[in-house]
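Geometric and topological summary
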Amino acid sequence: MNNCIFCQIVTRKIPSEILYENEHVISILDINPIHFGHALVFPKKHCRDFLDLPEESYKHILQAANIVTKALVKNLNLEGYNLFSNNGSIAGQSVFHFHLHITPRYSDDNIRFVLRLKEYPDGEMKRYGEILRHYINQQSEMK
Ligand code: AMP
Ligand code: ZN
């Protein structure tokens, strides 16, 4: 995957501001931050998106996110932070190597995720629940 920006960061082919790394994961500063300190965490092995991640990588990604989030909270006087991941171009993913964003938040920052929240019509929440539970139960029986 040598045309992937994040793979090239891992192999030092392109420079980045590395905050943390171990054998499995790396965390860097985002080059175009929402706020200064905006960090990214991603596995060293190329994976396109969340569903492409090997199960053994989950804990390494969350452990690194925890280490970096603590550093942000303790050093940048954070009042809060967001952890999120865009998956698929329709969801805003622009680098197709899975990553978590960790963004500082401040009370006066005026950042809003603009959401038009819906209400389920009668019975629809139950119907969605049933479809999804059915699939999840089937998958766990197949394991
Ligand atoms: P997403 O749009 O969710 O896929 O996030 C990709 C993020 O990677 C964006 O916030 C970019 O600013 C960031 N980014 C792209 N290239 C680099 C780079 N060379 N170094 C650090 N961050 C980068
Ligand atoms: Zn990659």
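Refer to the structure presented above.
The following refers to the structure shown. (Residues numbered from 1 in each chain as written. Chains lettered and ligands numbered in written order. Predicted model: local features only at pLDDT ≥ 70, side-chain atom pairs only at ≥ 80, totals over all residues. Heavy atoms only, no water.)

All chains considered together, the criterion is met by five salt bridges. With its nearest N and O atoms 2.8 Å apart, the salt bridge here joins Asp109 to Arg105. For the residue pair Asp109 and Arg105, the accessibility class agrees, reading buried in each case. For Arg127, the salt bridge goes to Glu124, with nearest N and O atoms at 2.7 Å. Of the two residues, Arg127 and Glu124 are both situated in helix H3 (residues 124-142); the distance of three residues between them amounts to about one turn of the helix. (Salt bridge = Lys/Arg side-chain N within 4 Å of Asp/Glu carboxyl O. Buried < 20%, exposed > 50% of the residue type's maximum accessible area, 1.4 Å probe, protein only. Helix = DSSP H or I, 4+ residues; strand = E, 2+ residues; numbered from the N terminus.)

The five strands lie next to each other as S1-S2-S3-S5-S4, forming an open sheet whose pairing is antiparallel. Edge positions in the open sheet fall to strand S1 (18-21) and strand S4 (80-84), since each of these has one partner strand only. Neighbour-to-neighbour, the strand axes of the sheet open up by a mean angle of 15°, direction not taken into account. Sheet topology note: the S1/strand S2 (residues 25-29) ladder contains three bridges and is antiparallel. Residue pairing in the sheet places Tyr20 in a bridge with Ser27 of S2. (Pairing = 2+ DSSP bridges. Axes fitted to C-alpha atoms, helices over the stretch in contact; angles between N-to-C directions.)

In this section: the coordination of the zinc ion (ligand 2). Coordination sphere of the zinc ion (ligand 2), protein contribution only: Cys4 (SG), Cys7 (SG), His46 (ND1) and His97 (ND1), at 2.1 to 2.3 Å. Sequence positions of the residues that donate to the zinc ion (ligand 2) give the spacing C-x2-C-x38-H-x50-H. An identical accessibility class is assigned to Cys4 and Cys7; each is buried. (Donors = N, O, S within 2.8 Å, 3.2 Å for Na, K, Ca; no water.)

A separate point is the packing of aromatic side chains. Evaluation of the coordinates by the stated rule reveals five aromatic pairs. Between the aromatic rings of Phe6 and Phe42, the centroid separation amounts to 4.3 Å while the plane-to-plane angle is 10°, which identifies the pairing as stacked. Of the two residues, Phe6 sits in helix H1 (residues 5-10) while Phe42 sits in strand S3 (residues 39-43), which places them 36 residues apart along the sequence. The pair formed by Phe6 and Phe42 is uniform in burial state, with each residue classed as buried. Three or more aromatic residues link up through ring pairs in this structure, and these residues are Phe50, Tyr58 and Phe98. (Phe/Tyr/Trp six-rings, centres within 6.5 Å; stacked < 30°, edge-to-face > 60°.)

Close contacts around ligand 1 come from 16 residues, with Asp30, Asn86, Ser94, His99 and His101 the closest. The contact in question runs from an oxygen atom of ligand 1 to an N or O atom on the side chain of Asp30, over 2.5 Å. Here Ser94 contributes a side-chain N or O atom positioned 2.7 Å from an oxygen atom of ligand 1. In the complex, 84% of the free accessible area of ligand 1, which totals 500 Å², lies under the protein chains. Only H1 and S2 provide two or more residues apiece to the shell around ligand 1. With three residues, the top contributor of residues to the shell around ligand 1 is H1. Grouping the constituent residues of the shell around ligand 1 by class yields eight nonpolar, seven polar and one charged. (Near = heavy atom within 4 Å. Polar contact = N/O pair within 3.5 Å; in protein donor to acceptor, adjacent residues only side chain to side chain. Areas by Shrake-Rupley, 256 points an atom, 1.4 Å probe, with all protein chains shown as cover. Nonpolar A, V, L, I, M, F, W, Y, C, P; charged D, E, K, R; others polar.)

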